[in-house]
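# Architecture at a glance
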Amino acid sequence: MKNHSAKVGQHPQVRYDSTMENSNVLSLSNLDEWLSRAWRNVPREYQWLVLQTWATSASRRAWIESWPAVPGGLVVDLGCGPGIMAQEIATLKSCVVHGYDQDAGVLNLAQSINRLFDNAQRVKFRLAEISQGGGSDKANAACVRFVAQYTDDLTAFMAQVKSWVTPGGFIAVEDVDDGYLVEYPQPPAAWRSAIEAFQQFQSGPRGDRQVGRKLAQAGVAAGLTLSQISVNAAVQAETTSPDSMTVQFDIERIEQALPGMIQAGLITERQWYEARSQYRASFPAFVFTSAATIRLLFQVP
Ligand SMILES: C[S@@+](CC[C@H](N)C(=O)[O-])C[C@H]1O[C@@H](n2cnc3c(N)ncnc32)[C@H](O)[C@@H]1O
């Protein structure tokens, strides 16, 4: 996952692709069609996330469908970001979804997508800190995707999430674990050094830290019952060119964190340019890549 910072009010409104203005009925294929074009127009720090969300939609939707039923119920999407998963949950589980985020700017983006698909009856977005708890807005279920990585104390975090859900409900969590990243053949040495610098940067308090594998223990320590856990690999094996989406995706992922990496003395600008140019020069090649997230389902006793 990436290290975008969440600062209040820093994002402009998303610009729409005008050809989508008439597609104001939410269907998941409409959403996909919109995502396939609009990811380039969302604020830069969210482009990677929106693209990842679009690229992994099939397996995530199968996972959402496998959750217990919540017909007419309320699901809270905590740290909802652009709220794309909130839209998917409302559609696939026929329920109401309230998305909460601490970042007013990203909520503008979520609201814009909601208006575009005319879905404000079923999906609402509000500014909130997860630690403030659900108050009277207790839900039948909660979803937290790619949020745990931003917290220092995973057990305290899972206890906060639990406080949003009624007893008998469930919590669905998905997060990153870069320890499950496999690439074959190995990329050039300069690129591998850049990746090591990136992972070192990510191992700081707001990065990956192989959070995925730690969530089961944290949830159980917070008083939840673990009912499902899986490693979800996004696998590709194909002839890859220097300008293919996956190569751009990998470069973009690091460039977002680059200022911080340089500031932390983990890489110099020159080393980065060399790594990037060696990496690009290693294509075209047939490449196997497997990047995984961890998915968990907890019951609230
Ligand atoms: C990587 S994004 C993931 C967004 C969304 N869940 C998704 O999967 O597309 C993480 C989001 O969590 C939000 N976030 C992080 N910590 C939070 C907290 N303590 N309370 C509310 N939102 C939080 C950030 O503002 C950001 O929008």
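Here the structure is a predicted model, which is why all the values come from computation and not from measurement. (Residues numbered from 1 in each chain as written. Predicted model: local features only at pLDDT ≥ 70, side-chain atom pairs only at ≥ 80, totals over all residues.)

### Here's the deal with the overall build of the protein chain
To keep it simple, the criterion reads: Only runs of H or I of at least four residues qualify as helices and only runs of E of at least two qualify as strands under DSSP, and these elements are numbered from the N terminus. Between the two quantities, the radius of gyration covers C-alpha atoms and the globule rule is 2.2 Å times the number of residues to the power 0.38. For every residue, the other C-beta atoms within 10 Å of its own C-beta are counted; 20 or more classify it as buried, 12 or fewer as exposed, and values in between as partly exposed. C-beta atoms are placed from the backbone.
The secondary structure content of the protein chain amounts to 10 helices and eight strands. Against the 2.2 N^0.38 benchmark of 19 Å for 301 residues, the protein chain shows a C-alpha radius of gyration of 19 Å, consistent with a compact globule. In terms of overall dimensions, the protein chain has a C-alpha envelope of 55 × 50 × 35 Å along the principal axes. Here the protein chain holds 301 residues, and 39% of them are scored as buried.

### What to know about the nonpolar core
Stated precisely, the cut-off is as follows: Here, a nonpolar core denotes buried Ala, Val, Leu, Ile, Met, Phe, Trp, Tyr and Cys residues that are linked to one another through C-beta atoms within 7 Å.
Val75, Leu78, Ala141, Ala142, Val161 and Ile171 are the most contacted members of the largest nonpolar core, which has 61 residues in total. Grouped together as the second largest cluster of nonpolar side chains are 12 residues, Phe198, Ile254, Ala257 and Ile267 included.

### Quick word on the packing of helix 7 (residues 189-202) against helix 9 (residues 245-263)
Condition: All axes here are fitted lines through C-alpha atoms, helices being fitted over the stretch that makes contact, and every angle between N-to-C directions spans 0 to 180 degrees. The scheme is simple: roughly parallel for angles under 35 degrees, roughly antiparallel for over 145, roughly perpendicular for 65 to 115, oblique for anything else. Residues are treated as contacting if the C-beta atoms built from their backbones sit within 7 Å of each other. Amino acid classes used here: Ala, Val, Leu, Ile, Met, Phe, Trp, Tyr, Cys and Pro are nonpolar; Asp, Glu, Lys and Arg are charged; the rest, including Gly, are polar.
Running from amino to carboxyl end, helix 7 crosses helix 9 at an angle of 70°, the nearest separation of the two axes being 10 Å. Here helix 7 lies roughly perpendicular to helix 9, going by the angle between them. Judged by residue contacts, Ala194, Ala197, Phe198 and Phe201 of helix 7 engage Ile254, Ala257, Gly260 and Met261 from helix 9. Residues that form the contact of helix 7 with helix 9 fall into these classes: seven nonpolar, one polar and no charged.

### Overview of the pairing of strand 4 (residues 139-145)
Condition: Note on pairing: two strands pair once DSSP finds at least 2 bridges between them. By convention a crossover is right-handed if, when the strands point away from the viewer, the path from the first strand over the helix to the second runs clockwise.
The element strand 4 is largely enclosed, with a buried count of seven among its seven residues. Relative to strand 4, strand 1 (residues 74-78) runs parallel, the two sharing three bridges. Bridging from a neighbouring strand, Val76 pairs with Ala142 of strand 4. Of the strand pairs in this sheet, strand 4 and strand 5 (residues 165-176) are connected by six bridges, and their pairing is parallel. Within strand 5, the residue paired with Ala139 across the bridge is Val165. Taken together, strand 4, helix 6 (residues 154-162) and strand 5 constitute a β-α-β crossover, and its handedness is right-handed.

### Side note on helix 2 (residues 44-55)
The cut-off we apply is this: A helix is expected to span 1.5 Å for every residue after the first.
Along its 12 residues, helix 2 runs 17 Å from first to last C-alpha, staying within 8% of the 16 Å computed at 1.5 Å per residue. Listed as buried for helix 2 are Tyr46, Trp48, Leu49, Val50 and Thr53. Against the buried residues of helix 2 lie helix 1 (28-38), helix 3 (57-66), helix 4 (84-92), helix 5 (104-116) and helix 9.

### Description of helix 1
Spelled out, the test is: This arc corresponds to the set of directions leading from the helix axis out to the C-beta atoms.
Residues of helix 1 that are buried: Leu31, Trp34 and Ala38. Axial view of helix 1: buried residues confined to an arc of 65°, hence all on one face. Residues Ser29 and Asp32 are exposed on helix 1 and point more than 90 degrees away from its buried face. Buried residues along helix 1 sit against helix 4.

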